[in-house]
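# Coordinates in review
Letter by letter, the chains look like this.
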Amino acid sequence: MKRFSRFVIVFLAASALIALPACSRRSVGEKPVDVDYFTCAMHPSVHSQKPDDKCPICSMDLVPVMKAGMASAPAGHQHGGMAVENPGAPGQPAPAKPGEFSVPVERQQQIGVTYASAALRPLRYAVRSIGLIEPDRGRLFEYVSRVDGYVHELEVTSVGQLVKRGQALMSIYSPDLLTTEQEFVDLLRSRDTATEAMRRSTDKLVESARRRLRLWNISEEEISALEASRKPSEFLILRSPFDGIVQAMEAKQGMRVKVGSPLATIVDLSRVWLWAEFYENELPRLEPGQKLEVSVPSLPGQRFDGQIAVIDPMVDKMKRTVRVRIDIDNAAGVLRPGMYANVRLQVDAGEGLTIPVSAVLPTGMRMLVFVDLGDGKLAPRFIGIGRKFSSTDGDSQHEQYEVLEGLSPGDRVVASANFLIDAEAKIQGALKSLSDGEMTQDAK
């Protein structure tokens, strides 16, 4: 009997020890009376009545959603000091307008919320493109042989050599040239001895012979020298028509040439072309004579002034772009054909209502902002935006969106910590009630 009594006593003591932790756990896991339910800040669809549960999607601690009218959550169940009211609690008054929710000012300061005002500002944006530097075709001269003969001597032999206007490039031996010059000299002598009645017809023959010499790339200076010396030559000297650079040299010493044979190409790079491509929706902002800023990656820190000269009327069917020719002064000769260049056109588009880019939260098809209603109250609002612009404030530059609808001048919107505010709005059901309210208005 004594043994049985001892066994009962030990059993009761052990049961008491086991029950104490269980009771303690139940007291810790109890839901406070002022909490409606617990949810996840990232996944508001998760609801639980147990404060110690985790989000089954992201494993985050759940946040208490307070019953309407309750000022704050009990200690140990607040999420970063945030007290959230449930606008849909039975028997409690709903918010005055769809979508409004509250985030205490202290909480806003903790998460770094800042505001910006919608205001009318000058709209300026940059249109950018890239292109290739090319020689100005009007400053490029290609020598081809206009007589049959042989290259007698090359005065310039290498591509890239600098040449001056009138500098000899090469000489060509041509018996045909000797015959033509001899005819010119004979006509000059005949004119000298002709009577007044025959001088007029002789002058026409002399001018015809002079024109033929010009067509053979003989300069006026050389023709005048031949007229003075009356000594024909079998050598044709080709000279540079302007200051430039030898771009190509096909002639070789002793090579036989025929009419049309390429000999040399001289290019003047004091002005160059830049062919850039712009998208077709940017065409309304482009017009001939417009000034642009050009920069070259290989010349960091240098800027060049360009001017639109030609806008190709044809649109590329695949790329949906249009070629634009930009003329650039290159007196220093630092821009070289084949270089890549960046083009930047600053466009003034008048004045419009703008807000910072950071204030806009993309939600798929629409853009969302949070409007400050005062005293910690916020309201999500869908807005229509236009092009992105840049604005200058002192020495700093900011990106702005043009607001087409949804805001008025002076409206204050959240400009930072939008994602945290968005999470709080989801918890309080503000976005859902906003969408429901819009659908109701559309139905009406």
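Note that the coordinates shown come from a computational prediction; the quantities given were computed from them, not determined experimentally. The written sequence of each chain sets the order in which its residues are numbered from 1. Side-chain atom pairs in this predicted model are given and counted only at pLDDT of 80 or more, local residue features only at pLDDT of at least 70, and totals for whole chains, interfaces and linings cover all residues. Derived side-chain values reflect all non-hydrogen atoms in the structure, with water molecules and hydrogen atoms excluded from consideration.

Glancing now at the overall build of the protein. Numbering of helices and strands runs from the N terminus, with a helix taken as a DSSP run of H or I at least four residues long and a strand as a DSSP run of E at least two residues long. The helix and strand inventory of the protein stands at seven helices and 25 strands. It only takes one pair of heavy atoms within 4.5 Å for two residues to be counted as in contact. Within the protein, contacts between residues separated by at least 24 positions form 68% of all contacts whose residues are at least 6 apart in sequence. Carbon and sulfur atoms make up 54% of the accessible area of the protein, which amounts to about 25,900 Å² in all. Computed with a 1.4 Å probe, the accessible areas rest on the Shrake-Rupley method; for each residue, only the protein chains presented here act as cover.

For the rest of this paragraph, the subject is helix α4 (residues 196-215). Here a helix's expected span is defined as the number of its residues, less one, multiplied by 1.5 Å. An ideal rise of 1.5 Å per residue puts 28 Å on 20 residues; α4 measures up with 30 Å between its terminal C-alpha atoms. Accessible area is worked out with a 1.4 Å probe on protein chains only. A residue is then buried under 20% of its type maximum, exposed over 50%, and partly exposed in between. Buried residues of α4: Thr202, Val206, Ala209, Arg210 and Leu213, and no others. Of the surrounding elements, those touching the buried residues of α4 are α3 (175-193) and α5 (220-229).

So, on to the sheet that holds strand β14 (residues 256-257). Pairing is antiparallel in the open sheet, where four strands are placed in the order β12-β11-β9-β14. Single-partner strands in this sheet number two, and they are β12 (235-239) and β14. Pairing between strands is defined by DSSP: at least two bridges between them are needed. Here strand β9 (residues 149-154) runs beside strand β11 (residues 168-173); their pairing, made up of four bridges, is antiparallel. Note that in β11 the partner of Glu153 across the bridge is Ser171.

Hydrogen bonds along the backbone pair up the strands of a sheet, which may run parallel or antiparallel. Ordered in space as β8-β15-β13-β10, the four strands form an open sheet in which the pairing is antiparallel. Two strands lie at the open edges of the sheet, namely β8 (140-144) and β10 (162-163), each paired on one side alone. Of the pairings in the sheet, the one linking β8 to strand β15 (residues 262-267) comprises five bridges and is antiparallel in character. The partner of Val144 across the bridge, within β15, is Pro262.

So, about unusual backbone geometry. Residue Arg230 is not a glycine yet carries a positive backbone phi of 55°. Considering the arrangement of structural elements, one finds Arg230 in the loop between α5 and β12.

Next up on the list: the packing of aromatic side chains. Working definition: an aromatic ring pair is given by the centre-to-centre distance plus the angle between the planes. Side-chain rings of Phe, Tyr and Trp, where Trp is taken by its six-membered ring, are said to pair if the distance between their centres is within 6.5 Å; with planes under 30 degrees apart they count as stacked, over 60 as edge-to-face, and otherwise as tilted. This structure, assessed with the given rule, holds two aromatic pairs. Here Phe141 and Tyr143 contribute two aromatic rings whose centre-to-centre distance is 4.7 Å and whose plane-to-plane angle is 70°, an arrangement assigned as edge-to-face. Overall, the relative accessible area of 6% leaves Tyr143 in the buried class. Measuring from centroid to centroid gives 5.8 Å for Tyr173 and Phe235, while their planes differ by 55°, and the two rings are tilted. Of this pair, Tyr173 sits in strand β11 while Phe235 sits in strand β12, and the two are 62 residues apart along the sequence. Its end group placed over the ring of Phe382, Arg366 keeps NZ or CZ at 3.7 Å from the ring centre. A ring has a charge above it when a Lys NZ or an Arg CZ is no more than 6 Å from the ring centre and no more than 35 degrees off the ring normal.

A word on the nonpolar core. What makes a nonpolar core is a set of buried Ala, Val, Leu, Ile, Met, Phe, Trp, Tyr and Cys residues whose side-chain atoms join them at distances within 4.5 Å. Residues Met170, Phe184 and Leu263 are the most contacted members of the largest nonpolar core, which totals 30 residues. For this core, the elements supplying multiple residues, two or more each, are β9, β11, α3, α4, α5, β12, β13 (244-249) and β15. Of the residues forming this core, the biggest block, four residues, is contributed by α3. Beyond its immediate stretch of four places on either side in the chain, Leu263 contacts Tyr143, Val144, Ser145, Met170, Ile172, Leu238, Met249, Glu250, Ala251 and Val257. With 27 residues, the next largest nonpolar core counts Leu274, Phe278, Ile308 and Leu335 among its residues.

This next bit is on the side chain of Ser171. Inspection of the secondary structure puts Ser171 in strand β11. Not counting residues up to four positions away in its chain, the partners in contact with Ser171 are Tyr150, Val151, His152, Glu153, Leu236 and Ile237.

Below, the discussion takes up the pairing of strand β18 (residues 304-311). Pairing analysis gives four bridges linking strand β17 (residues 291-295) to β18, with the strands arranged antiparallel. Bridge pairing links Lys291 to Gln307 in β18. Here five bridges tie β18 to strand β19 (residues 321-329), and the two strands are oriented antiparallel to one another. The residue bridging Ile311 from the neighbouring strand is Val324, located in β19.

A separate point is the environment of Ser219. For Ser219, the position within the fold is in the loop between α4 and α5. Taking the C-alpha atoms as reference points, Ser219 and Pro241, 22 residues apart in sequence, are found 9.5 Å from one another.

As a further point, take the packing of α3 against α4. In the contact formed by α3 and α4, the axes pass within 9 Å of each other and the chain directions differ by 155°. What the angle tells us is that α3 and α4 run roughly antiparallel. Seen along the crossing, α3 lies across α4 with a hand that is left-handed. For the pair formed by α3 and α4, the contact residues are Leu177, Thr180, Glu181, Glu183, Phe184, Leu187, Leu188, Ser190, Arg191 and Asp192 on the first element and Arg199, Thr202, Asp203, Leu205, Val206, Ala209, Arg210, Arg212 and Leu213 on the second. Residue classes follow a fixed rule: Ala, Val, Leu, Ile, Met, Phe, Trp, Tyr, Cys and Pro count as nonpolar, while Asp, Glu, Lys and Arg count as charged, and any other residue, Gly among them, counts as polar. Residue classes in the contact of α3 with α4 are distributed as eight nonpolar, three polar and eight charged. Throughout, an axis means a line fitted to C-alpha atoms (over the contacting stretch in the case of helices), and angles, computed between N-to-C directions, take values from 0 to 180 degrees. Any angle that is under 35 degrees is reported as roughly parallel, and any over 145 degrees as roughly antiparallel; angles of 65 to 115 degrees are reported as roughly perpendicular and all others as oblique. By definition, any crossing whose near helix is turned counterclockwise from its far helix by less than a right angle is left-handed, and any crossing with a clockwise turn is right-handed.

Attention now goes to the pattern of salt bridges. Salt-bridge detection follows one rule: a side-chain nitrogen of Lys or Arg within 4 Å of a carboxyl oxygen of Asp or Glu. This model, assessed by the stated rule, comprises 18 salt bridges. Between Arg139 and Asp268 there is a salt bridge, and its shortest N-O distance comes to 3.3 Å. Here the residue Arg139 occupies a position in the loop between β7 (119-135) and β8, and Asp268 occupies one in the loop between β15 and β16 (271-279), the gap between them amounting to 129 residues. Classification of Arg139 by relative accessible area gives partly exposed; the value is 29%.

In this section: the confidence of the model for the protein. pLDDT measures the predictor's confidence residue by residue and takes values from 0 up to 100. Of the residues in the protein, 80% reach a pLDDT of 70 or more, and the chain-wide mean stands at 79. Here residues 7-28 is modelled with pLDDT under 50, and outside its nearest four sequence neighbours on either side it reaches one contact, counting other chains as well. Long-range and interchain partners of residues 71-96, a stretch whose pLDDT sits below 50, account for 56 contacts in this model, where long-range means more than four residues apart.

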